[in-house]
Amino acid sequence: MFERLIAPFRRPAPVADLDAVARFQRERAAFISQKCTVEYARARAGILWSRLFSEKAFMEALRAGQFVAFAAMLGDVSELLLGKLRTATAADPARLGALLSRMAGDSLAPCPPPAGRSGWDAELQAIIVQLDGAMVAPPRPAHAIPGRSVAIVYDSLPIHDNLKGHDRAVIDAHIRFQMARAAEDLERRIDGPALARALDRADRVGVV
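Note that the coordinates shown come from a computational prediction; the quantities given were computed from them, not determined experimentally.

J.: Tell me about unusual backbone geometry, and please be specific about residues and values.
T.: For Ala 90, which is not glycine, the phi torsion reads 60 degrees and is therefore positive. Tracing the sequence through the fold places Ala 90 in the loop between helix H4 (56-89) and helix H5 (93-108).

This is the structure in structure tokens:
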């Protein structure tokens, strides 16, 4: 019990190896997608949220939308990581992009694909294209990264357009805010020298 009580006050673990990079990518994308789907739907439903969340059809649609949002946010978080890793390790951007794309694929593999689909090939290709573009340009500020992801998250919400109204702007702002927070967190936790050594070790054994 004591461990659970003090856990929120512990300093987050540094991002100092490739497993930590993959974990940050996966967990931050999941966190932002949850904030912008489940918590948005709860806020939009107001006092009726408990009734709405007891509807099986709604919860199935919400869950499916959350995975779609997760895939979109993996692209944005991957671009954030690419920029930070380029600066912190001086590694080849193409090498980093390939690594982050593979990590995103590993994170999506266990997720149920959208209805009528057998996998996440289209989403993974979109992540690759996003990272390819980011490789040849200066890193963008975290709040400037979201673009197509905003529309994907908005469209994934199982709420009628009449009720969503002008909430696309709200979701846009929320995603950009969460990306800025992710960048601040990463800046505090990233260990560039340790990651550079981890990349070198992985290169020697043929992992990267």
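J.: Provide a residue-level description of the side chain of Ser 101, including the pertinent values.
T.: Relative to the helices and strands, Ser 101 resides in helix H5. In this structure the side chain of Ser 101 is engaged in a polar contact, spanning 2.9 Å, whose partner is the backbone oxygen of Gly 97.

J.: Lay out the packing of aromatic side chains in plain terms, naming residues and giving numbers.
T.: A complete count under the given rule lists 1 aromatic pair for this structure. Judged by centre distance (5.6 Å) and plane angle (55 degrees), the ring pair of Phe 53 and Phe 58 falls under tilted. Residue classification places Phe 53 among the buried positions, given a relative accessible area of 14%. By relative accessible area, Phe 58 is classed as buried at 10%.

J.: Summarise helix H9 (residues 167-189); cite the residues concerned and give the values.
T.: A rise of 1.5 Å per residue sets the reference length of H9, with its 23 residues, at 33 Å; its end C-alpha atoms lie 33 Å apart and thus fit the reference within 8%. Along H9, the residues classified as buried are Asp 167, Ile 171, Ile 175, Gln 178, Met 179, Ala 182, Ala 183, Asp 185, Leu 186 and Arg 189.

J.: Explain the pattern of salt bridges residue by residue, including any values.
T.: According to the stated counting rule, one finds 8 salt bridges in the structure shown. Here Lys 35 makes a salt bridge to Glu 39, at a shortest N to O gap of 3.4 Å. Taken as a pair, Lys 35 and Glu 39 lie in helix H2 (residues 18-45) at a separation of 4 residues, close to a single helical turn. Take Lys 35: its relative accessible area is 23%, and that puts it in the partly exposed class. The exposure class of Glu 39 is partly exposed, given its relative accessible area of 33%. The structure contains a network of salt bridges with shared partners spanning Arg 28, Asp 185, Arg 188 and Arg 189.

What counts as what
- Residues numbered from 1 in each chain as written.
- Predicted model: local features only at pLDDT ≥ 70, side-chain atom pairs only at ≥ 80, totals over all residues.
- Heavy atoms only, no water.
- Helix = DSSP H or I, 4+ residues; strand = E, 2+ residues; numbered from the N terminus.
- Polar contact = N/O pair within 3.5 Å; in protein donor to acceptor, adjacent residues only side chain to side chain.
- Phe/Tyr/Trp six-rings, centres within 6.5 Å; stacked < 30°, edge-to-face > 60°.
- Buried < 20%, exposed > 50% of the residue type's maximum accessible area, 1.4 Å probe, protein only.
- Expected span 1.5 Å × (residues − 1).
- Salt bridge = Lys/Arg side-chain N within 4 Å of Asp/Glu carboxyl O.

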